[in-house]
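Residue strings, one per chain:
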Amino acid sequence: MKKTIPITLGILILLGVIASWLAPTVVRNYVCNNGHKLLGRQIQIDNLKANVFTGYICMEGLTVYEADGVEPFIHLLSAETNLSMMHLLTGVIDLETLQLNCLDVKVQQRDTVFNFTDILQRFADPDAIDEDSLDNSFPLVIRDIALKKSSIHYQDLLV
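As a convention, each chain's residues are numbered from 1 in the sequence order in which they are written. Given that this is a predicted model, residues contribute local features only at a pLDDT of at least 70 and side-chain atom pairs are listed and counted only at 80 or more, while totals for whole chains, interfaces and linings are drawn from all residues. Excluding hydrogens and water, the side-chain values take into account all heavy atoms of the structure.

1. Notes on helix H1 (residues 4-33)
Stage number 1. Numbering of helices and strands runs from the N terminus; a helix is a DSSP stretch of H or I covering at least four residues, while a strand is a stretch of E covering at least two. By this rule, a helix spans an expected 1.5 Å times one less than how many residues it contains. Here H1 spans 42 Å end to end across 30 residues, near enough to the 44 Å set by a 1.5 Å rise per residue.
Stage number 2. Fitting axes to the seven residues ending at a residue and to the seven starting there, one defines the bend at that residue as the angle between these axes. Along H1, the helix axis deviates most sharply at Leu22, where the bend reaches about 30°; the proline Pro24 sits within four residues downstream.
Stage number 3. Residues of H1 that are buried: Gly16, Ser20, Pro24 and Val31.
Stage number 4. In this analysis, two residues are considered to be in contact whenever any of their non-hydrogen atoms come within 4.5 Å of each other. Tucked into the core, H1 has its buried residues touching helix H2 (35-38) and strand E1 (43-51). Under the scheme applied here, a residue whose accessible area is under 20% of the maximum for its type counts as buried, over 50% as exposed, and between as partly exposed, the area being computed with a 1.4 Å probe on protein chains only.

Take a look at the structure:
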């Protein structure tokens with residue numbers, strides 16, 4: 001009995017290390033390969049790191065492209081967050097901190113249509129909302145947000 005506790009603890013630590021190493025790669029590949037399905041845009045993430053023990057998540061080099069797939073719509077140098085693992089066990093996504101570094105957003109408007117209108121319409125479509133998934137969704141709490149060296153560029157294409 002006394003030998004099973006250290007073995008079980010060792011197996012749990014090993015699984016946590018494997019999850020910290022493997023999960024970010026799986027998530028990054030899924031998001032990059034399914035950007036059109038998820039958002040209707042091409043998405044690129046250069047690197048994603050996570051630590052399941054501390055809840056630390058770091059994403060480097062996020063780019064969401066325009067509908068043409070060539071020009072960047074949103075570029076983010078890095079994002080770091082500390083996820084509360086205890087709250088996650090209770091069914092709440094609780095971000096203790098969220099730091100966005102060098103966020104660059106390019107907003108363009110032609111008459112009443114913006115370059116992100118297609119994204120808004122995608123999520124505003126009542127047929128696209130799965131009621132079952134809403135019942136299973138986790139509440140999101142963000143306690144502290146920091147934007148560093150970020151900018152939003154606006155351009156009216158008719159002017």
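Back to the text.
2. Quick notes on the nonpolar core
Stage number 1. Throughout, nonpolar core names a set of buried Ala, Val, Leu, Ile, Met, Phe, Trp, Tyr and Cys residues whose side chains join them through atoms within 4.5 Å. Ile43, Ile45, Met59, Leu62, Val64, Leu76 and Leu100 are the most contacted members of the largest nonpolar core, which has 17 residues in total.
Stage number 2. Sorting the residues of this core by element identifies E1, strand E2 (56-65), strand E3 (72-83) and strand E4 (93-110) as the ones contributing at least two each.
Stage number 3. If you tally residues by element for this core, the top one is E4, at five residues.
Stage number 4. Excluding anything up to four places from it in sequence, Ile43 contacts Val31, Cys32, Gly35, Leu62, Thr63 and Val64.

3. Some thoughts on the packing of aromatic side chains
Here the distance between the centres and the angle between the planes together describe a pair of aromatic rings.
Stage number 1. The aromatic pairing rule takes the rings of Phe, Tyr and Trp, using the six-membered ring of Trp, and pairs them if the centres are within 6.5 Å, calling planes under 30 degrees apart stacked, those over 60 edge-to-face and the rest tilted. This structure, assessed with the given rule, holds two aromatic pairs.
Stage number 2. With a centroid separation of 5.2 Å and 25° between ring planes, the pair formed by Phe114 and Phe116 is classed as stacked.
Stage number 3. Note on Phe114: relative accessible area 27%, which makes it partly exposed.
Stage number 4. Three or more aromatic residues joined by ring pairs make a cluster, and in this case those are Phe73, Phe114 and Phe116.
Stage number 5. Across from the ring centre of Phe73, 5.4 Å away, lies the NZ or CZ of Arg41, which sits over that ring. As a reminder, the over-ring test applies to NZ of lysine and CZ of arginine, requiring each to be within 6 Å of the ring centre and within 35 degrees of the ring normal.

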